[in-house]
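# Residue-level structure breakdown
Okay, here's what each chain looks like letter by letter:
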Amino acid sequence: MNNAGTMDLLGLSALEERVYRHFLRHPGTPTEDIHLLLHARRGDVRAALERLTELGLLRRADDENEDAPEGGLTAADPEIAVGLLTDRRLSELHHELQQVTRGRNLVAELRAEQSAHLPTGGGVERMTNLTQIRNRIDDLAFFAREEIISVEPYQALTPENIEHARPLDSRCLRRGVRIRNVVLKEALDDPPTAAYLHELSAQGASIRTAPDIAERILVYDRHTALVPANPADTSRGALVAQEPGLVASVLSLFERIWDQATDLSHLRDTPPSASIPLSPMELEVLKSMCRVTKDEIGARELGISLRTYRRHVADILRTLNASNRPHAALLARERGWI
């Protein structure tokens, strides 16, 4: 169920409500990168955090728990939060008394969300709502600490998929989370998908390809596995498992697929120079374009004039049919020229 906006009558914006509900589910979350998880601008989230703190709906987690991470926040109890907001609205808008007091009915609903973060001792949960599944995947990726492994038999990623995944994937890799991913070899035939996989590989992810995979697997920290409820029909939803036996079976399947897959780096061997439609000097200029920020530096390093250097750059752009220099560098890497 989508609960966004149900606290607006109490004076919270949709984003402020999302932030508060998040801290009900995940008390003590550090605030540094939370805008990535919420898919909102950093400044907007910072403003929401400040207002919720001012209203008393958020508090420093380390004030209440010495073991809480520094800089983390925790949500006020739903009864207190709703009471604070209700009293504030009543004092401002007496003529809306009947509408505002209905907000007290939110307490039971918020308490249900508050208990969602409590340990359940494992088990299997079935989810059928696509938005719910995507949100759960985002949560699991955001809170991963050690490893994310996956098998994904897609043939291509949409620009929206890539834009959505990039900040969370990059954040995980920056924090030292190990990423191992197996994809269809066919996915490399799609330039944007291939470029993104190479980008992840350059950041430290381990990417392998397989010619024929049908399994869909996601496992977070070797503790939580997500698989389709019906492998033959992914529209039927997903299963989230934390039962040790089930997770171990999924991990074993992943390792078999991983061992038989080919590392992405083995598919990017530089082709013989005869197969590259560039002269030796143009190839050196291409490499220089990817290495230096100014034409003057590149020309000086290669011992040619600035005019000659720029002429080679123009020829390279035409050969690659690239719109600009970064585009040319990307295309050259995809073709294994550099």
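Here is a short report on the structure shown in this document. (Residues numbered from 1 in each chain as written. Predicted model: local features only at pLDDT ≥ 70, side-chain atom pairs only at ≥ 80, totals over all residues. Heavy atoms only, no water.)

### Here we look at the overall build of the chain
The number of helices and strands found in the chain is 15 helices and 11 strands. Counting across all 338 residues of the chain, residues that qualify as buried make up 42%. Here the contacts in the chain between residues at least 6 apart in sequence split such that 68% fall between residues at least 24 apart. (Helix = DSSP H or I, 4+ residues; strand = E, 2+ residues; numbered from the N terminus. Buried < 20%, exposed > 50% of the residue type's maximum accessible area, 1.4 Å probe, protein only. Contact = heavy atoms within 4.5 Å.)

### Structural notes on the packing of helix α12 (residues 280–291) against helix α14 (residues 306–320)
Between α12 and α14, the shortest axis-to-axis distance is 9 Å and the interhelical angle comes to 90°. Classified by the angle their axes make, α12 and α14 are roughly perpendicular. Counting all contacts with α12, which are made through Met281, Glu282, Val285, Leu286, Ser288 and Met289, the residues of α14 involved are Tyr309, His312, Val313, Asp315 and Ile316. (Axes fitted to C-alpha atoms, helices over the stretch in contact; angles between N-to-C directions. Parallel < 35°, antiparallel > 145°, perpendicular 65-115°, else oblique.)

### What about the pairing of strand β7 (residues 206–210)?
One ladder, built from five bridges, connects strand β6 (residues 178–184) with β7; its direction is parallel. Of the residues in β7, the one forming a bridge with Asn181 is Ile207. Crossover handedness for the path β6 to helix α10 (residues 191–202) to β7: right-handed. Looking at chain direction, β7 and strand β11 (residues 262–263) are connected through two bridges and run antiparallel. Along β11, the bridge assignment pairs Thr209 with Thr262. (Pairing = 2+ DSSP bridges. Right-handed = clockwise from strand over helix to strand, strands pointing away.)

### Here we look at the sheet that holds β6
In spatial order, the strands read β4-β10-β9-β8-β5-β6-β7-β11; together these eight strands make up an open sheet with mixed pairing. Each of the sheet's edge strands pairs with one partner strand only, and the pair in question is β4 (124–127) and β11. In the packing of helix α8 (residues 130–143) onto the sheet, contacts are made with β4, β5 (147–152), β8 (217–220), β9 (224–228) and β10 (238–241), and the angle to β4 comes to roughly 135°.

### Notes on the pattern of salt bridges
By the definition in use, this model includes 17 salt bridges. Here Arg41 makes a salt bridge to Asp44, at a shortest N to O gap of 3.0 Å. Judged by relative accessible area, which is 33%, Asp44 ranks as partly exposed. Put simply, Glu147 and Arg180 hold a salt bridge, and the shortest N to O gap is 3.2 Å. Of this pair, Glu147 sits in strand β5 while Arg180 is found in strand β6, placing the two residues 33 residues apart along the sequence. The class for Arg180 is buried, based on a relative accessible area of 4%. Overlapping salt bridges, with partners in common, bring together Glu147, Arg178, Arg180, Arg222 and Glu255 in one network. (Salt bridge = Lys/Arg side-chain N within 4 Å of Asp/Glu carboxyl O.)

### Topic: the side chain of Asp138
Summarising the element assignment, Asp138 is placed in helix α8. Among buried Asp, Glu, Lys and Arg side chains, Asp138 stands out as unpaired, with Arg134 the closest opposite charge at 8.0 Å. (Lys, Arg positive; Asp, Glu negative; His and termini not counted.)

### Quick notes on unusual backbone geometry
Note: most residues except glycine have negative phi, and most peptide bonds are trans. Of note, His39 is a non-glycine position whose phi angle comes to about 55°, a positive value. Mapped onto the elements of the fold, His39 is located in the loop between α2 (34–38) and α3 (42–55). A positive phi angle, close to 55°, is found at Arg222, a residue other than glycine. With respect to the helices and strands, Arg222 occurs in the loop between β8 and β9. Under the relative-accessibility criterion, Arg222 is labelled partly exposed at 42%.

### Notes on the nonpolar core
Counting 26 residues, the largest nonpolar core has Ile148, Tyr154, Ile179, Leu197, Ala205, Tyr220 and Leu226 as its most contacted members. Once residues within four sequence positions are removed from consideration, Tyr220 is found in contact with Ile137, Leu140, Ala141, Glu147 and Ile148. By size, the runner-up hydrophobic cluster in this structure holds 24 residues, among which are Leu15, Val19, Ala48 and Ala75. (Core = buried A, V, L, I, M, F, W, Y, C linked by side-chain atoms within 4.5 Å.)

None of the figures reported here should be taken as evidence of function without further support.
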